[in-house]
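Reading the structure
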Number of protein chains: 2
Amino acid sequence: MSVHALSQRLQARLQDRLGPQGVLLAAADKASYEASARHAGGHAQGVVRPATLEELSWCVRTLAEAGCAIVAQGAATGLVGAATPSAEGSQWVVSTQRLRDRLQLDPQHRSVTVSAGYRLSEIQRAAAEHGLTFALDLSADPSVGGMVATNTGGSRLIRWGGVRDNLLGAQAVLVHPPGQTVGSLRGLRKDNTGLDWAQLLSGSFGAFGIVARAVLRLHPVQKQIATALVAVESVPVAMALLESLEDRLGDFVSAFEGMSAHAMHAALSHLPGATRPFAGGCEYAVLIELTSAVPRDTGLDLDALLLQWLEGRLQERGVLDAVVDKPDRLWRIRHAISESVQALGQLVAFDVAVKRSSFAAFRAQALETVRATLPQAHVCDFGHLGDGGIHLNLVLPPGSDAQRIGLLRTRIYDLVVHTFGGSYSAEHGIGPYNQEYYERYTAPSTRALAGVLHEHVDPHRRLGNVRLD
Amino acid sequence: MSVHALSQRLQARLQDRLGPQGVLLAAADKASYEASARHAGGHAQGVVRPATLEELSWCVRTLAEAGCAIVAQGAATGLVGAATPSAEGSQWVVSTQRLRDRLQLDPQHRSVTVSAGYRLSEIQRAAAEHGLTFALDLSADPSVGGMVATNTGGSRLIRWGGVRDNLLGAQAVLVHPPGQTVGSLRGLRKDNTGLDWAQLLSGSFGAFGIVARAVLRLHPVQKQIATALVAVESVPVAMALLESLEDRLGDFVSAFEGMSAHAMHAALSHLPGATRPFAGGCEYAVLIELTSAVPRDTGLDLDALLLQWLEGRLQERGVLDAVVDKPDRLWRIRHAISESVQALGQLVAFDVAVKRSSFAAFRAQALETVRATLPQAHVCDFGHLGDGGIHLNLVLPPGSDAQRIGLLRTRIYDLVVHTFGGSYSAEHGIGPYNQEYYERYTAPSTRALAGVLHEHVDPHRRLGNVRLD
């Protein structure tokens, strides 16, 4: 049979089983699945949208047995292209968008068992009905499957960790043996009986299996929240504030976000009706958030505790000013940074992390490296200081030299990895857009281990856009 | 050369490199490394005690290349025999006791990088000097290497998780390639760049590699602690108390330990000078601990918050009595249970866990199973209710029928795994003493995955006492 006839037969089989909603072949229908949140999009052979675990397993088996290449996609909010089909158009997208056959909340166990297609915001709404919350806080609204595969971080990692730390179980479908379901949804808080597929799948960026369902740990909903914006003279002063805050009010710190003057300026210019929070200028500012599940009627008052702590700090050298305001008013500035920076010109983004103890020194050297390599770059960095994470976002004039940008990227990553023992992808994970750096920085023994796993679950290399070996 | 001559030559090589402190061959010297904390001991060919990472790597390479079987041992506090040499006497013990070449604390990053031979208590002392603490709380005093390999849990898992959750990195030595060092000590709080040896080694029970060094996350030291013992009519009442407590004071709950009347009675009879905490009897009691890193001079008063909450609860049905007392006085009772139960007769222990929402139902059915199978058993159970963990410890008259005990073990494990979707080893891990249950309950796909990993890091099966495939 000709390749064309084979392909037609496969399409017919898929349509027969999944229905018209389940298979997208027309260019217009495929378009949104071919786009990428930050980079250039790709092209897909077709898109399948299974609606149940059984359909997902059947799809993967059918495509794998037909020799097709597959890329899994959730809400396509990832920033490294791991869920975007490649440019050649040879891959099928397996979308988990319609995989919504399970959302089961266990209030007493404080967990939710949920299909890959649900969004973060939907988990939060379902949890809130029971006075519970899921720990992740992001500007984006990813799907459950995408979050697990990416091991998403976010702004509140300092308090509750990332997805891995809040993952009580996961089920995934493998391409080899084709369509096999692995993992468990038992969702225990304590279980020490060997390997755990959930831990392996989390942070494997779609390379080993397609996440179908997960069990997520929930926490009691936060009943108090207090926020302040503090202007400081320098990053070392900000780091000293973090230590002081943790020492006094450590139990309540749920975010400690640094923002450079440029980043804040970009956000304030971008937001309609926003006013400068500080009368004077400042080099750097920190958004501090305290939260607690303990209600105010117990006598615990986070606003008062934050004020009390701030008053002491304002006497200290390098602490310039502080504004206590409603959480949404302060977070609005912080959340506007990414978008506002993108609006200023060509965005070149670095998602890196070092030890907290190296944060200030790394940032200083990174700024120096930028100045030396691309003097026209405008640095609008912000960071999760409590985790040592920094989004070193640069704005360049449109049409800047691509080779020079590539050189800067390597210099910054070399600085973070080789000089500071840090990470060149703190939370965005690995995808086609940083695959070459994975190969540059990953230890041979770790790549060999990944190779063995690839070989076990995908010997024909049909799945995903990432090669971890 | 004869086997004897080969063996003599190996011994001479080891002694030459490691010195007299580094190689133990005499029966009297080996004895303490052949004992087991809970089960029958074994026999070792010899014991090597490397003092540096280089020596460890050299030892493992030398032994592996000589075709020797190896079992790694830390402080030998494990309860499933994973670090005890087998009975045949064919294994070499690689002790990490002298592996103390590194203890480096980073107060600003809140982490400690530490060699495998350090004990939990030593980590705590080093951390305390900087106002920090490591999250684990146990009756035993394991080594760092043992804790990582076991993925140790403990009484405060409800608040801070187990070892895996507090592990920022690890380095290990493989038997294949012989003596290769893998993993990383970068110790980042945020790093999403692929596979992590630390996560793989944690909870692999010495099967894949010998942990040499680890980076542990530290927390600010707890500056307040408030404890109470609450007598309840039944376990469902205890579970309802947990929900109420988390709803009101969730941020501070660091332990919620259940104790049956029998367990408490055993502890109180065992402790010199102990008096019954409650005037009346009770079926079940709960030890509640609240802790906070927030000092009292902020106005936060945990004692007052606990009292306030307790007063409300005492009006509720099924809550019989409550005692607020100093932490060490209450924990003393809880910590005495294991030892006191062991003193009463033959101990048969189960370390199991279910979802919190199944805890009460599981316990009731488990007690029924015990009564039906071994009516003479005296059940002295205690549990980490917040994690759904229960130590279902039984006391039997000496000389009880071993076959009947085996039958009970299978019945209890079948109940927990098959009926309740729970774990037959919640925190003790896997070793020779529950290997058969690993084989009974583990999914073929998980065993196949483990097989691939075994094959990669130990194709000749020289390392450890556990087979995860």
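Structural data are supplied above this passage.
Structure report, in brief. All values derive from a computational prediction rather than experimental measurement. (Residues numbered from 1 in each chain as written. Chains lettered and ligands numbered in written order. Predicted model: local features only at pLDDT ≥ 70, side-chain atom pairs only at ≥ 80, totals over all residues. Heavy atoms only, no water.)

Here we look at the relation of the copies chain A and chain B
Relative to chain B, chain A is turned by 180° and slid 0.0 Å along the rotation axis, the superposed coordinates differing by an RMSD of 0.0 Å. Such a combination of turn and shift is consistent with a two-fold rotation axis. The residues that chain A uses at the interface reappear at the interface of chain B in 100% of cases, marking a shared surface. (Least-squares fit on C-alpha atoms with pLDDT ≥ 70 in both. Contact = heavy atoms within 4.5 Å.)

Some details on the interface of chain A and chain B
The extent of an interface is frequently quoted as the accessible surface area lost upon association of the parts. The interface is formed by 78 residues belonging to chain A together with 78 residues belonging to chain B. Carbon and sulfur atoms make up 55% of the surface buried where chain A meets chain B, a total of about 6,800 Å² over both sides. Of all residues in chain A, K190, N192 and L195 of chain A give up the largest surface area on contact with chain B, accounting jointly for 14% of the area buried on that side. At the surface where chain A touches chain B, the tally comes to twelve salt bridges. The closest approach of N and O atoms between D297 of chain B and R248 of chain A, which form a salt bridge, is 2.6 Å. Where chain A touches chain B, the interface holds 40 residue pairs in polar contact (both at pLDDT 80 or more). Contributing elements (two or more residues each) for the side of chain A that touches chain B: β6 (111-115), α6 (157-160), α7 (197-201), α8 (235-249), β14 (284-292), α10 (302-313) and α15 (444-457) of chain A. A total of eight residues in the side of chain A that touches chain B trace back to one element, the largest contributor, which is α15 of chain A. For the side of chain A that touches chain B, the class distribution of residues is 29 nonpolar, 30 polar and 19 charged. (Buried area = accessible area lost by both parts, 1.4 Å probe. Salt bridge = Lys/Arg side-chain N within 4 Å of Asp/Glu carboxyl O. Polar contact = N/O pair within 3.5 Å; in protein donor to acceptor, adjacent residues only side chain to side chain. Helix = DSSP H or I, 4+ residues; strand = E, 2+ residues; numbered from the N terminus. Nonpolar A, V, L, I, M, F, W, Y, C, P; charged D, E, K, R; others polar.)

A closer look at the sheet that holds strand β10 (residues 210-217) of chain A
All names here are of chain A. Read from one edge to the other, the open sheet built from five strands follows the order β5-β6-β10-β8-β9, with strand pairing classed as antiparallel. Edge positions in the sheet fall to β5 (103-106) and β9 (181-184), since each of these pairs with one other strand and no more. Neighbour-to-neighbour, the strand axes of this sheet turn through a mean angle of 10°, independent of strand direction. Packing of helix α4 (residues 120-128) onto the sheet brings it into contact with β5, β6 and β10, and relative to β5 it is tilted by some 40°. (Pairing = 2+ DSSP bridges. Axes fitted to C-alpha atoms, helices over the stretch in contact; angles between N-to-C directions.)

As for the pattern of salt bridges
Applying the stated criterion across every chain, the model contains 46 salt bridges over all chains. Salt-bridge contacts for E427 of chain A lead to K190 of chain B; the nearest nitrogen and oxygen are separated by 3.4 Å. Highlighted residues: E427 of chain A in the loop between α13 (402-419) and α14 (435-441) and K190 of chain B in the loop between β9 (181-184) and α7 (197-201), drawn from two different chains. Residue E427 of chain A shares its accessibility class with K190 of chain B, and that shared class is buried. One salt bridge connects R329 of chain B with D325 of chain B, and the closest N-O pair in it is separated by 2.9 Å. When salt bridges with common partners are traced through the structure, they connect E455, R461, R467 and D469 of chain A into a single cluster. (Buried < 20%, exposed > 50% of the residue type's maximum accessible area, 1.4 Å probe, protein only.)

A word on the packing of helix α8 (residues 235-249) of chain B against helix α12 (residues 359-373) of chain B
Residues and elements named next belong to chain B. Following both chains from N to C, one finds α8 and α12 inclined at 160°, their axes separated by 9 Å at the closest point. The angle between the axes of α8 and α12 places the two elements in the roughly antiparallel class. Considering only the axes of α8 and α12, their crossing is right-handed. Along the contact surface, α8 presents V235, P236 and M239, while α12 presents F359, A360 and R363. Residues of the contact of α8 with α12, tallied by class, amount to five nonpolar, no polar and one charged. (Parallel < 35°, antiparallel > 145°, perpendicular 65-115°, else oblique. Left-handed = near helix turned anticlockwise from the far one by under 90°.)

Some points on the sheet that holds strand β3 (residues 69-73) of chain B
Residue and element names in this part refer to chain B. Pairing is mixed in the open sheet, where four strands are placed in the order β1-β2-β4-β3. The two strands at the open ends of the sheet, each matched to only one other strand, are β1 (23-24) and β3. With five bridges connecting them, β3 and strand β4 (residues 91-95) associate as parallel partners. Looking at β4, one finds that A69 is bridged to Q91.

Without other data, these values stay purely geometric and don't point to any function.
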